[in-house]
Amino acid sequence: MTPENVSPRSFGDIALCLSGGGYRAAAFALGTIDMLDELNLLKDVKLFSTVSGGSFTGMTYAAWMSEGKTYGQFYDDFYSFLDKTNCIDKALDDLYDTPSPSGSNDLSLIRSAAKAYADLLFKDRTFKELQENVADSEPFRELIFNTTEFRTGNSFRFRASDNPDAFIGNQIFAVPPDIAAEVRMADIVAASSCFPGAFEPIRFPDDFHWTSTLENVRAGLMKDVKNPVTGKVYRNGFNVEGSFVTVPLMDGGIYDNQGISSAVLADAGHTFGLFLITDTSARNDDMLNFPSGDVRRGWVTMQTLLWFAIALFVSVVINTCVLVYYFFGAYYSNRTPWFELLLFFIAPIFFSLVIIGILIWLYRLFLQIKSITVSGAKFQIWYILKELALPDFIELMRARFSSLSTMTGNVFMKHIRQMEFNEIMSDPERARLVSFNLIYDLNPSQPRTELWKLAPDLKPTDQMIEISKTAEGMATTLWIDKKDLDTLVVCGQITSCFSLLKYLWRRWEIETAEAQKNSLPAVPKPDNPASPFYEIYQKLLAKWLELKTNPQAFLNRKRV
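Treat the numbers as computed from the prediction; the structure is a model and nothing was measured.

### Considering the overall build of the protein chain
Inference 1: Within the protein chain, the regular secondary structure consists of 20 helices and 14 strands.
Inference 2: Seen through its principal axes, the protein chain has C-alpha atoms that stretch 110 × 60 × 50 Å.
Inference 3: Here the protein chain holds 560 residues, and 50% of them are scored as buried.
Inference 4: For the protein chain, the accessible surface area stands at approximately 27500 Å², while carbon and sulfur atoms represent 58% of it.
Inference 5: Distance between charge centres in the protein chain, computed from 54 positive and 64 negative side chains, equals 3 Å.

### Digging into the packing of aromatic side chains
Inference 1: Within the structure shown, the criterion is met by 41 aromatic pairs.
Inference 2: Three or more aromatic residues joined by ring pairs make a cluster, and in this case those are Tyr-23, Phe-48, Phe-56, Tyr-61, Tyr-71, Phe-74, Tyr-75, Phe-78, Tyr-79, Phe-81, Tyr-117 and Phe-140.
Inference 3: In this arrangement the basic side chain of Arg-141 is found over the ring face of Phe-272, its NZ or CZ atom lying 4.1 Å from the centre.
Inference 4: A cation over an aromatic ring shows up here: Arg-559 above the ring of Tyr-75, its NZ or CZ 3.6 Å from the ring centre.

### Some thoughts on the nonpolar core
Inference 1: In this structure, Phe-11, Phe-74, Tyr-117, Phe-122, Phe-158, Phe-204 and Leu-458 are the most contacted members of the largest nonpolar core, which totals 138 residues.
Inference 2: With 14 residues, helix α19 (residues 482-517) is the single largest residue contributor to this core.
Inference 3: Each residue touching Phe-204, except ones within four places of it in the same chain, is listed here: Phe-156, Phe-158, Val-175, Val-183, Trp-210, Leu-221, Phe-238, Thr-246, Val-247 and Leu-249.
Inference 4: Listed in part, the 7 residues of the second largest apolar core include Leu-306, Leu-385, Leu-388 and Phe-393.

### Thoughts on the environment of Pro-101
Inference 1: Its location among the elements puts Pro-101 in the loop between α4 (87-93) and α5 (109-122).
Inference 2: Remark: the alpha-carbon pair of Pro-101 and Ala-191, spanning 90 residues in sequence, is separated by 15 Å.

### Details of the pairing of strand β11 (residues 274-279)
Inference 1: Of all 6 residues that make up β11, 6 are buried, and the element is covered over most of its length.
Inference 2: Side chains of β11 alternate between two faces, with Leu-274, Leu-276 and Thr-278 and Phe-275, Ile-277 and Asp-279 buried alike.
Inference 3: Sheet topology note: the strand β1 (residues 14-18)/β11 ladder contains 4 bridges and is parallel. Counterpart to Ala-15 in the pairing with β11 is Phe-275.
Inference 4: Note: β11 against strand β14 (residues 434-438), 5 bridges, orientation parallel. By the bridge assignment, Asp-279 is partnered in β14 with Leu-438.

### Some details on the state of the cysteines
Here a disulfide denotes one covalent bond, and it connects the sulfur atoms of two cysteines.
Inference 1: Under the counting rule described, the total for this entry stands at 0 disulfides.
Inference 2: Cys-491 provides the cysteine sulfur closest to Cys-17, a residue in no disulfide bond, and the two sulfurs are 18 Å apart.
Inference 3: By relative accessible area, Cys-17 is classed as buried at 1%.
Inference 4: In this structure Cys-497 is a free cysteine whose sulfur lies 13 Å from that of Cys-491, the closest cysteine sulfur available.

### So, a nonpolar patch on the surface
Inference 1: Together, Trp-307, Ile-310, Phe-313, Val-314, Ile-318, Val-322, Tyr-325, Tyr-326 and Ile-360 make up an exposed nonpolar region whose accessible area comes to about 920 Å².
Inference 2: Ranked by the residues each element gives to the nonpolar patch, the list is headed by helix α12 (residues 302-333), at 8 residues.
Inference 3: In this fold, Ile-310 is placed in helix α12.
Inference 4: Assessed through its relative accessible area of 36%, Ile-310 is described here as partly exposed.

### Points about the packing of helix α2 (residues 53-66) against helix α8 (residues 185-192)
Inference 1: Two numbers describe how α2 lies on α8: the axes approach to 10 Å, and their chain directions differ by 160 degrees. In terms of orientation, α2 and α8 fall into the roughly antiparallel class. Taken as a pair, α2 and α8 cross one another with a handedness that is right-handed. From α2, Ser-55, Phe-56, Met-59 and Ala-63 reach across to α8, where they touch Met-185, Ile-188, Val-189 and Ser-192.
Inference 2: Looking at side-chain class alone, the contact of α2 with α8 contains 6 nonpolar, 2 polar and no charged residues.

### Some points on the packing of helix α1 (residues 22-38) against α2
Inference 1: Two numbers describe how α1 lies on α2: the axes approach to 6 Å, and their chain directions differ by 40 degrees. One element, α1, and the other, α2, form an angle in the oblique class. Seen along the crossing, α1 lies across α2 with a hand that is right-handed. Between α1 and α2, the contacting residues are Gly-22, Ala-25, Ala-26, Ala-29, Leu-30 and Ile-33 on the first element and Gly-53, Gly-54, Phe-56 and Thr-57 on the second.
Inference 2: When its residues are assigned to classes, the contact of α1 with α2 shows 6 nonpolar, 4 polar and no charged.

### Describing the confidence of the model for the protein chain
Inference 1: When pLDDT is averaged along the protein chain, the result is 90; 94% of the residues meet or exceed 70.
Inference 2: Long-range and interchain partners of residues 1-8, a stretch whose pLDDT sits below 50, account for 16 contacts in this model, where long-range means more than four residues apart.

### A look at the pattern of salt bridges
Inference 1: Under the counting rule described, the total for this entry stands at 34 salt bridges.
Inference 2: In this structure, Lys-543 engages Glu-38 in a salt bridge whose closest nitrogen and oxygen atoms are separated by 2.6 Å. You can see Lys-543 sitting in helix α20 (residues 534-549) and its partner Glu-38 sitting in helix α1, a full 505 residues away along the chain.
Inference 3: By relative accessible area, Lys-543 is classed as buried at 16%.

### With respect to the side chain of Arg-448
Inference 1: With respect to the helices and strands, the residue Arg-448 is situated in the loop between β14 and α17 (449-454).
Inference 2: Accessibility expressed as a relative area gives 18% for Arg-448, which makes it buried.
Inference 3: Among residues more than four places away in sequence, those in contact with Arg-448 are Asp-441, Phe-498 and Lys-502.

Definitions and cut-offs
- Residues numbered from 1 in each chain as written.
- Predicted model: local features only at pLDDT ≥ 70, side-chain atom pairs only at ≥ 80, totals over all residues.
- Heavy atoms only, no water.
- Helix = DSSP H or I, 4+ residues; strand = E, 2+ residues; numbered from the N terminus.
- Buried < 20%, exposed > 50% of the residue type's maximum accessible area, 1.4 Å probe, protein only.
- Areas by Shrake-Rupley, 256 points an atom, 1.4 Å probe, with all protein chains shown as cover.
- Lys, Arg positive; Asp, Glu negative; His and termini not counted.
- Charge placed at Lys NZ, Arg CZ, Asp CG, Glu CD.
- Phe/Tyr/Trp six-rings, centres within 6.5 Å; stacked < 30°, edge-to-face > 60°.
- Lys NZ or Arg CZ within 6 Å of the ring centre and 35° of its normal.
- Core = buried A, V, L, I, M, F, W, Y, C linked by side-chain atoms within 4.5 Å.
- Contact = heavy atoms within 4.5 Å.
- Pairing = 2+ DSSP bridges.
- Disulfide = S-S within 2.5 Å.
- Patch = residues over 30% accessible without salt bridge, like charges linked within 9 Å, V, L, I, M, F, W, Y side chains within 5 Å.
- Salt bridge = Lys/Arg side-chain N within 4 Å of Asp/Glu carboxyl O.
- Axes fitted to C-alpha atoms, helices over the stretch in contact; angles between N-to-C directions.
- Parallel < 35°, antiparallel > 145°, perpendicular 65-115°, else oblique.
- Left-handed = near helix turned anticlockwise from the far one by under 90°.
- Nonpolar A, V, L, I, M, F, W, Y, C, P; charged D, E, K, R; others polar.
- pLDDT = per-residue confidence, 0-100.

Here is the structure:
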């Protein structure tokens, strides 16, 4: 069934999901948005659900539109930001100059990153601007910036919605709209892109900047919550027996790296005509490699290293005492020049004391990790490790860290991704409206033989495939050079154009199968003038053929 708001020759209201993936995702999303603008479809995008790197692009676009700027101004400003800004370098520069608004003086790279985003993009603009821009469903109906809260492990959404019953935060930790209105856009982007390993969690509300006092914000968050559906009033999760608790927030990709669940939540009434889901996750069929060759062994065991450290400590202490003894002898003899005292006595004594201090620190650290307690069980780590040769120990640690990294960065993320894909595809009515815009779409694992039979012109060129390969292989970072930036923007342009063409054929196949099953008239192909999508198909095809001739045809186009 086609939603009522779909005109005969358009997709209707579009829900655009922008995935995480650092600057790779941000630049690919910029290319996707740029193609939608080229096709005159960007005005139909009424929902943004963004995660991590996609939140940079989505938030900037929404902020620029709410300010009344043109699309061309948005593109130029955001392209320049990606081209010229190394967010990690900027955050490190400001690390010691970014205290917490709560008064805490602890170092926080994510707070420093939020300051960088404010300085370079959003200034002190707040979420209130976006709330006002969805109040009348123009130009947006839903703006959702996704994070993950580390109290209960749920999604935590900064959501500006035309639905007055929509939760901000989540149902456990609910944020009243008037409190959310004060949140800086920069802090939201920082929370959404706060990926583990690079950043520590950002504390809500303590690490966020507020127009009112933190005490007033906390008081507002401790108020009871009324469920708009059931009418039940319950205690907000921020209020634990009368005491306020902060909520650690991290990258939205931990819960849903494509923002699909939020888009489905916002589409409870089935009012969107197309879900365009961008995803810059790279395929990885060789996640973890075992070490090659035999286990490397040696005579230097961990126990030997301990005895060596003890012997070094004793010898350095004795050496220091001897140096001090002879220093005072030389000093009181009045026959030793000052520079010789400095060179042969004071400098060696200083370095000896530094070595003693380091060895004492290492020994105290050793005592702390000699045994560890996990879930109430105590493990004598030293008893296990002391007979290991040093190369074996290094290999064991490497294997564990690599497997942990693979689990969190690949296995876990692929599982979450599949769950979210299954969620949106489990509803047959919504499934036919989904177009997956994957960064590797032009270089699939299996050839699309059936699609090439239906539409031979859709087969990408070798140059397009190479662009897709290059883009997929780029790392997840918060910096990028101009060549890679252009490659990702172009990849976003050509991939989104192809994805929409592919979607129209897939939709025709679904509707044709249904028509045959129910003995209904044949459904016209999208390239048939009788199809309601004929006009948009011809427009997409014209752009695609132009891109096949020159994949960078629209990179430097004039934007208004």
